[in-house]
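# Reading the structure
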Amino acid sequence: MNQPGLLPAQITQFNPPTGKKNNAKNVAKNSAKNNAKNVAKNVAKNSAKNDVKNDAKNDAKKNDKSNNSNNSNKSNKLNNSNNLDNFIPELDRRFVPFWILILLANVFIIVNYIVTPIRYSEEKVEGVVTYNDLYYYLHLILLILVFLYAYGVRERFSLLIGDSTMIIGLLASVLVLGIFAINIASDKPAKEDGEFKTAPKMLLKTKTKQSIIVAILLCLLLAIIGYDIYKRRINPLGLLPYKYLKNLYGIALLLSVCVVCYLLFNSARYNIGKYNLPKMWRN
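Residues numbered from 1 in each chain as written. Predicted model: local features only at pLDDT ≥ 70, side-chain atom pairs only at ≥ 80, totals over all residues. Heavy atoms only, no water.

Unlike most non-glycine residues, Glu126 shows phi in positive territory, near 55 degrees. When you line up the elements, Glu126 lands in the loop between strand E1 (124-125) and strand E2 (129-130). Given a relative accessible area of 75%, Glu126 falls into the exposed group. Positive phi values are uncommon outside glycine, yet Asn276 reaches one of about 50 degrees. Considering the arrangement of structural elements, one finds Asn276 in the segment after helix H7 (249-268). (Helix = DSSP H or I, 4+ residues; strand = E, 2+ residues; numbered from the N terminus. Buried < 20%, exposed > 50% of the residue type's maximum accessible area, 1.4 Å probe, protein only.)

Put into structure tokens, the structure is as follows:
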């Protein structure tokens, strides 16, 4: 409607066209929407990038941790293997025959005591001590003498390189087992009193068989002496200087040879009448 008192040209100034207003509103709405969409897209992109970066960092941290744990496990295994290698000393094969001879000598000392019937004799030696007691103590002395000699040469003929402590433990074990075996085998004397008595099964009834066992023991001791002399031709058996007690271990071996020679002498002239043993023990 036309306002009163206004010309047509003036009427258009007060009533601008409504289409322009609508276009402006639409443009504003669209730009707002586009801006919102762009902001949302950028936020989504940035969050996705951040997630990817965080995942990559986390994976890298996990890999580093796993690598560190693997490296630590490997280092621990290497340390354990090195400690085990250090704990177990290396065997010196050059001296294995020597220690085999020492072991066999101990074995035959025990065997000789078990199989000889002379240890059952109640007859006295020079009216002082019975053969029963004498043989018991002589075989114990033999074990101790061989131990002393082996103890003296443990460093020069070391079976384990750089470790002589373990050798001492092994020698002490052999000595203890030998004494234990002799004490188990020891028995009361037996004599001829007219009663029926059978000989124990482990006894050797002939002097030939007894002499063979003692002769083997003597050969073992002589072989040990020969080995010692061969390895050290200067001052063999460590007998010099005599003023040092630690250099007298060779005397222990020489004394053991003397004791075994005495045992061989008794075995060679063995008979049940001489030692007053039961007649049923005759072969």
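We now examine the pattern of salt bridges. In total, this model carries 1 salt bridge according to the counting rule given. Residue Asp228 pairs with Arg156 through a salt bridge whose shortest N-O separation is 3.0 Å. One end of the pair, Asp228, is in helix H6 (residues 207-231); the other, Arg156, is in the loop between helix H4 (131-152) and helix H5 (165-185), with 72 residues separating them in the sequence. (Salt bridge = Lys/Arg side-chain N within 4 Å of Asp/Glu carboxyl O.)

Moving on, we get to the packing of helix H3 (residues 96-115) against H5. It is at 9 Å that the axes of H3 and H5 come closest, and there the two elements cross at 10 degrees. Taken together, the axis directions place H3 and H5 in an arrangement best described as roughly parallel. Where H3 abuts H5, its residues Trp99, Leu103, Asn106, Ile110, Tyr113 and Ile114 lie against Ile167, Leu171, Val174, Gly178, Ala181, Ile182 and Ala185. Residues belonging to the contact of H3 with H5 are distributed by class as follows: 11 nonpolar, 2 polar and no charged. (Axes fitted to C-alpha atoms, helices over the stretch in contact; angles between N-to-C directions. Parallel < 35°, antiparallel > 145°, perpendicular 65-115°, else oblique. Contact = heavy atoms within 4.5 Å. Nonpolar A, V, L, I, M, F, W, Y, C, P; charged D, E, K, R; others polar.)

Counted by the stated rule, this structure contains 12 aromatic pairs. Between Phe98 and Tyr149, the aromatic rings sit 6.2 Å apart at their centres with planes inclined by 55 degrees, giving tilted as the arrangement. Of this pair, Phe98 sits in helix H3 while Tyr149 is found in helix H4, placing the two residues 51 residues apart along the sequence. One exposure class covers both Phe98 and Tyr149, and it is buried. Counting every residue linked through ring pairs, the aromatic cluster contains Phe95, Phe98, Trp99, Tyr149, Phe157, Tyr227 and Tyr249. The lysine or arginine in question, Arg119, covers the ring of Tyr113, its NZ or CZ lying 4.8 Å from the ring centre. Over the face of the ring belonging to Tyr151 we find Arg154, whose NZ or CZ atom lies 4.0 Å from the ring centre. (Phe/Tyr/Trp six-rings, centres within 6.5 Å; stacked < 30°, edge-to-face > 60°. Lys NZ or Arg CZ within 6 Å of the ring centre and 35° of its normal.)

Of all hydrophobic cores here, the largest spans 58 residues; its most connected members are Phe98, Trp99, Tyr149 and Ile224. At the level of elements, H3, H4, H5, H6 and H7 are the ones that each hand at least two residues to this core. Per element, the largest residue contribution to this core is 12 residues, and it comes from H4. In this view, Trp99 contacts Ala150, Arg154, Phe157, Ser158, Leu159, Ile167 and Leu171; residues no more than four positions away in its chain are not counted. (Core = buried A, V, L, I, M, F, W, Y, C linked by side-chain atoms within 4.5 Å.)

For the coordinates displayed, the defined rule picks out 0 disulfides. Distance from the sulfur of Cys258, which forms no disulfide, to the nearest cysteine sulfur (Cys261) is 6.4 Å. (Disulfide = S-S within 2.5 Å.)

With that settled, the discussion passes to the packing of H3 against H4. Where H3 meets H4, the axes come as close as 10 Å, and the angle between the chain directions of the two elements is 175 degrees. Judged by the angle between their axes, H3 and H4 are roughly antiparallel. Contacts between H3 and H4 involve Phe98, Trp99, Ile102, Asn106, Ile109, Ile110, Asn112 and Tyr113 on the former and, on the latter, Tyr135, Tyr136, His139, Leu142, Leu143, Val146, Tyr149 and Ala150. Of the residues contributing to the contact of H3 with H4, the split by class is 13 nonpolar, 3 polar and no charged.

This part covers the environment of Ala150. Relative to the elements of secondary structure, Ala150 occurs in helix H4. Accessibility expressed as a relative area gives 0% for Ala150, which makes it buried. Residues Ala150 and Tyr249, 99 residues apart in the sequence, show an inter-C-alpha distance of 8.2 Å. With residues near it in sequence (within four places) discarded, Ala150 still touches Trp99, Ile102 and Leu171.

Here Asn132 lies in helix H4. Looking at Asn132, the relative accessible area reads 10%, which means it is buried. A polar contact of 3.0 Å, which involves the side chain of Asn132, links it to the backbone oxygen of Asp187. For Asn132, the contacting residues outside a window of four places in its chain are Arg119, Tyr120, Ser121, Asp187, Lys188 and Pro189. (Polar contact = N/O pair within 3.5 Å; in protein donor to acceptor, adjacent residues only side chain to side chain.)

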